[in-house]
Every structure is written in C-alpha cells, then in structure tokens.
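Tertiary structure, described
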Amino acid sequence: MGASHPPRIVAAAWGLLVLNTLGSTGAQTILPLPRSLIQMVTMGALAAAFTLALAANLRLHVRASVFLFLLTLLLVPSVISSASLESGWGALFRCARLALFVGTLWLLSRWWDGGLAFVRHHIRMYLAVLATVAAGVLLSPATAFPDLYGGRLVGALWPLTPPQIGQYAAVVVGLTVLLVLGRRTDRASAAVVLVPALVLLALTHTRTATFGLLLGLLLAIGSLVLTSAAARRFFGWTVVCAAVAAVGFGSALQTWFLRGQSQEHFTSLTGRAKVWDALLAAPRTAFEHLFGAGLGDKSFGGLPIDNSWLAVYHEQGVTGVTLVAAVILVLGGVALLRPPSLARACAIFLIGYCAIASYTEAGLGDASPYLLHLAVAASLLAAPGAAASGPVSSPENTRQGVVPRRAHGSEVG
C-alpha cells in the first residue's frame, strides 16, 4: 500500500493529460474540426488537469523523483533555445505547455507508490480513445480508411493518425496481457479489451507499434519467467503460435508488413532516412549544437522527423539528448534492480516500448503520450510504503495512531 489510494479527481486529471497529448493534426474527420478548436480543447485539458491535480494536492506533497527532476531539467535547454525565437513565438508557448505538463506530473506524484492504480487509469483512458476510433469506423468507413493513408485506419471522429492509434492499442494490449498474467483481471474482461484493441492495431498496419508490443512484452514476460508459472506458460504458447503463424501465414504477414511498399521505400524507412540525413548534414552553430533550435512541431524542412533522438537533438541539442537518455537509463536501471513483480514487468514493458518506438516516432523531448507512458513506469518503480514529501494522513491512520514516515533520499518515481 502507498501513501493513500488515488481519489477520483486524480483519474480525471490523468484523463485530461491523455486528452492534451492527442495532438491537433491528423486525418480528416467526419465533421471538420478547426485546428484552433482542437488546440483550444487540448490546451484547456492541460490547464484543467493542472487545476484538478492542484485541488487534490493543495499542500503540495510530492514524491522525490529522479524521473521528474530530469524532465524539469529538460526545460532548461528548451527555454534557452526557444528564447532565441528561431522557431517563432510558438516555441515559447510549447515551453510553457511542457512546464505545465511536468508541473501536473509533480502534483500527481504524491500517489506514485508502486501500485497499479495508474496502470488502470492509463488503460481506461486509452480504451476511451480507441472507442472513438471504433465508432468512427462504424459511422463512416470511407473516412476511417482514407486513400491518403493507404487505406490504413485513422480517427474519423478525432484527427488521429495510424501510428497514434497503433501506439494506443499496443500499450493497452501489453498492459492488459500483463494484468492477466498477474491475475489482476479475469480472462473474460481481458478478452473484451484485447480483441478489439488487436483488431484496431492490425487495421493501422503500424509496424513500430507491433514491434514495440512484441519486444516490450518479451522483455516484461522474461522478467517474470523465473517467478511466475503463468508467464512461463504464456511464453511457451507464444513461441509455438509464432512458429505456426510464420509457417502457415508467412505470405499474409509479409504483405501486411510491407504495406504495398517497394523494397527501396521500405529500406529507407518510408522516406524517414532522407529527412534524418538532411537534418544531420545541416550546418549548426555551437549554440544550436548544444541547445538546439527551440521547441517546434518535430519537423525539418517541412517534413516530420519521426525519430525522438533526432527531434530532441534538433530542438534541444545534445543537452536535451543527454537528459532524455538519462531518463531512459535511470528508469531501465531501477527496473532491473527491483525484485520480480507485476509492477516491475509493467514498467519494463512501458520503458521497452518507448525505447523501441523512439527510433521511428518523436515525442520523448516534449509533452507527449510517450512521457505519460514513462510516468506510469516511474509510478510503478516508486518504492512502496514510503510516504510522499510531507506527512500524508488518513482517518484510519489517525484513529490507530499511525504516523506515516517521510520519504528519505530520492525515488525514481
């Protein structure tokens, strides 16, 4: 048990953070939504999330967190580079957004106690997002599978791209599978979640999300194999099913994997490699090399960068890359040092997924779903039983004369 069970207002704040990170650009929707309206909704959601988190934590009790400390430090190169206005006034606006985002996580860290509460919040919120995607398919299949995206599934009610939907579905599937293995949910309830999420993932034809799901689960289940018979059985059946699928459905899997692309297009990572080469070859001053060009829309030359490390290098320089690498290494290192448990396995899955996806998706250096995934991992790796900074009492503790201990030292979560 942690300091206290998160109240419902915390779940509401988490849901608003998810809404904020959905973005304002993407596919065409059934009802055209002006980008200004979407931005108003997403930014309003962030402001509301901060307000709710503050209302739930008026005494500002927070967990000492290396993860959040590193994210706070990331604001330094972001502000320094954005102050030059090389990326326009929007860079400073994005810095303010990142600061409010990190501030909200600090306020919510009071309830980071190594429990699964935030895992369940995470699953529920992204299930709600996936439900809107499924509703869009039913209402307008033509809009949900546009030719612009090669017939891949997009959001028809909210402008979501195939990689976004694939990411949300993969994270929901991975965490739900782990909850089943840990006997924290029954198989019938899990099937209601897993089957639709897997179908949506398949319809997006998103390779990054699929690889992230498979390799993330491999790492997570591997961490449970020595202590969980259910994990060993699942791992064995997975290997058998994978072998059968490779032999019996090899041609269909190859077709799905290639998405009708030529070999040249595939080897250039759908054109990403050309953008990456141009970004690395572009001349930079010593200041830009150290601090970047300021927070932008994760693009270079009008084309998306689609790589977290190069996006951070472009916008926050080698200083930002160092801090983001430290975030991954610290979380990964702490996860390896923790004893085997379901919470540790879920954290390993999320860290592994973000690390894998960072190669072809941007987002680790700014307010994004990837930072939310890592925040959930940090909450899972927080030492259980330690109180937040400042005394946290409950009616039960008061009646029994129990005084929670203060946290000593620094927690990763």
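The structure this text deals with has already been given above.
Here goes a summary of the coordinates provided. (Residues numbered from 1 in each chain as written. Predicted model: local features only at pLDDT ≥ 70, side-chain atom pairs only at ≥ 80, totals over all residues. Heavy atoms only, no water.)

With that settled, consider the overall build of the chain. Across its full length, the chain carries 18 helices and two strands. Here the contacts in the chain between residues at least 6 apart in sequence split such that 77% fall between residues at least 24 apart. If you sum the accessible surface of the chain, you get close to 18600 Å²; carbon and sulfur atoms cover 69% of it. (Helix = DSSP H or I, 4+ residues; strand = E, 2+ residues; numbered from the N terminus. Contact = heavy atoms within 4.5 Å. Areas by Shrake-Rupley, 256 points an atom, 1.4 Å probe, with all protein chains shown as cover.)

Moving on: the pattern of salt bridges. Considering all chains together, one arrives at three salt bridges under this definition. Measuring nitrogen to oxygen at the nearest pair gives 3.0 Å for the salt bridge that ties K298 to E315. Taken together, the residues span a long stretch of sequence, with K298 in the loop between α14 (286-291) and β1 (299-300) and E315 in helix α15 (residues 308-337) at a distance of 17 residues. Assigned by exposure class, K298 and E315 land together as buried. Measuring nitrogen to oxygen at the nearest pair gives 3.0 Å for the salt bridge that ties K298 to D366. With K298 in the loop between α14 and β1 and D366 in the loop between α16 (342-357) and α17 (369-381), this pair connects stretches of sequence that are 68 residues apart. K298 sits in the buried class, given a relative accessible area of 16%. The exposure class assigned to D366 is buried, which follows from its relative accessible area of 4%. If you follow the salt bridges from partner to partner, you end up with K298, E315 and D366 in one network. (Salt bridge = Lys/Arg side-chain N within 4 Å of Asp/Glu carboxyl O. Buried < 20%, exposed > 50% of the residue type's maximum accessible area, 1.4 Å probe, protein only.)

This paragraph deals with empty space enclosed by the protein. Rolled over the atoms, a probe sized like a water molecule indicates the empty space that remains. This structure, assessed with the given rule, holds one cavity of 30 Å³ or more. By volume, the largest cavity amounts to about 40 Å³. In terms of lining, the largest cavity is formed by L71, V324, V327, I328, L364, L371 and L374. Taken together, the elements giving at least two residues each to the lining of the largest cavity come down to α15 and α17. Top contributing element to the lining of the largest cavity by residue count: α15, with three residues. Classifying every residue of the lining of the largest cavity gives seven nonpolar, no polar and no charged. (1 Å grid on protein atoms, 1.4 Å probe; cavity = no way out; pocket = protein on both sides within 12 Å on 5 of 7 lines; lining within 4 Å. Points joined across faces, edges and corners; volume = space filled by probe spheres on them. Nonpolar A, V, L, I, M, F, W, Y, C, P; charged D, E, K, R; others polar.)

For the rest of this paragraph, the subject is the packing of aromatic side chains. Geometrically, a pair of aromatic rings is defined through the distance of the ring centres and the angle of the planes. Going through the model one piece at a time under the given rule, you end up with six aromatic pairs. When the centroid spacing of 5.4 Å and the interplanar angle of 50° are considered together, the rings of F287 and F291 count as tilted. Linking F287 with F291, this pair stays in helix α14, spanning four residues, or about one helical turn. On the basis of relative accessibility, which here comes to 18%, the residue F291 falls in the buried class. (Phe/Tyr/Trp six-rings, centres within 6.5 Å; stacked < 30°, edge-to-face > 60°.)

Attention now goes to the environment of P77. Along the chain, the position of P77 falls in helix α3 (residues 66-82). Distance from P77 to V318, taken between C-alpha atoms, is 9.3 Å for residues 241 residues apart in sequence.

Together, F69, L73, V76, I80 and F287 line one region of the surface with nonpolar side chains, adding up to about 410 Å² of accessible area. Mapped onto the fold, F69 is located in helix α3. Judged by its relative accessible area of 47%, F69 is partly exposed. (Patch = residues over 30% accessible without salt bridge, like charges linked within 9 Å, V, L, I, M, F, W, Y side chains within 5 Å.)

By secondary structure assignment, the location of R63 is in the loop between α2 (35-56) and α3. Within the local environment of R63, its side chain forms a polar contact with the backbone oxygen of W112, the two atoms lying 2.5 Å apart. For R63, the side chain forms a polar contact with the main-chain oxygen of A383, separated by 3.4 Å. (Polar contact = N/O pair within 3.5 Å; in protein donor to acceptor, adjacent residues only side chain to side chain.)

The next thing to look at is the packing of helix α5 (residues 117-139) against α17. Running from amino to carboxyl end, α5 crosses α17 at an angle of 155°, the nearest separation of the two axes being 9 Å. It follows that α5 is roughly antiparallel to α17 by the angle criterion. For the pair formed by α5 and α17, the contact residues are F118, V119, H122 and Y126 on the first element and P369, L372, H373, V376, S379 and L380 on the second. Looking at the contact of α5 with α17, its residues break down into seven nonpolar, three polar and no charged. (Axes fitted to C-alpha atoms, helices over the stretch in contact; angles between N-to-C directions. Parallel < 35°, antiparallel > 145°, perpendicular 65-115°, else oblique.)

This part is about helix α8 (residues 187-204). Compared with the 26 Å implied by 1.5 Å per residue over 18 residues, the 25 Å span of α8 between its first and last C-alpha is a close match. At the N-terminal end of α8, a side-chain oxygen is found 3.2 Å from the backbone nitrogen of A188, two or three residues along, and the residue is D186. Following α8 by one or two positions, H205 adopts a phi angle in the positive range, close to 55°. (Expected span 1.5 Å × (residues − 1).)

Before going further, it helps to examine the side chain of S78. Counting through the fold element by element, S78 comes out in helix α3. Once residues within four sequence positions are removed from consideration, S78 is found in contact with C95, L98, L295 and Q316.

So, on to the nonpolar core. Judged by nonpolar contacts, the single largest core of 102 residues is most densely connected at W14, F67, L178 and L374. Core analysis: the next-biggest nonpolar cluster, separate from the first, contains six residues, L279, I305, L310 and Y313 among them. (Core = buried A, V, L, I, M, F, W, Y, C linked by side-chain atoms within 4.5 Å.)

To continue, consider unusual backbone geometry. A positive phi angle, near 55°, is found at H205, a position not held by glycine. Its location among the elements puts H205 in the loop between α8 and α9 (207-222).

Any functional reading would require information beyond the geometric quantities listed.
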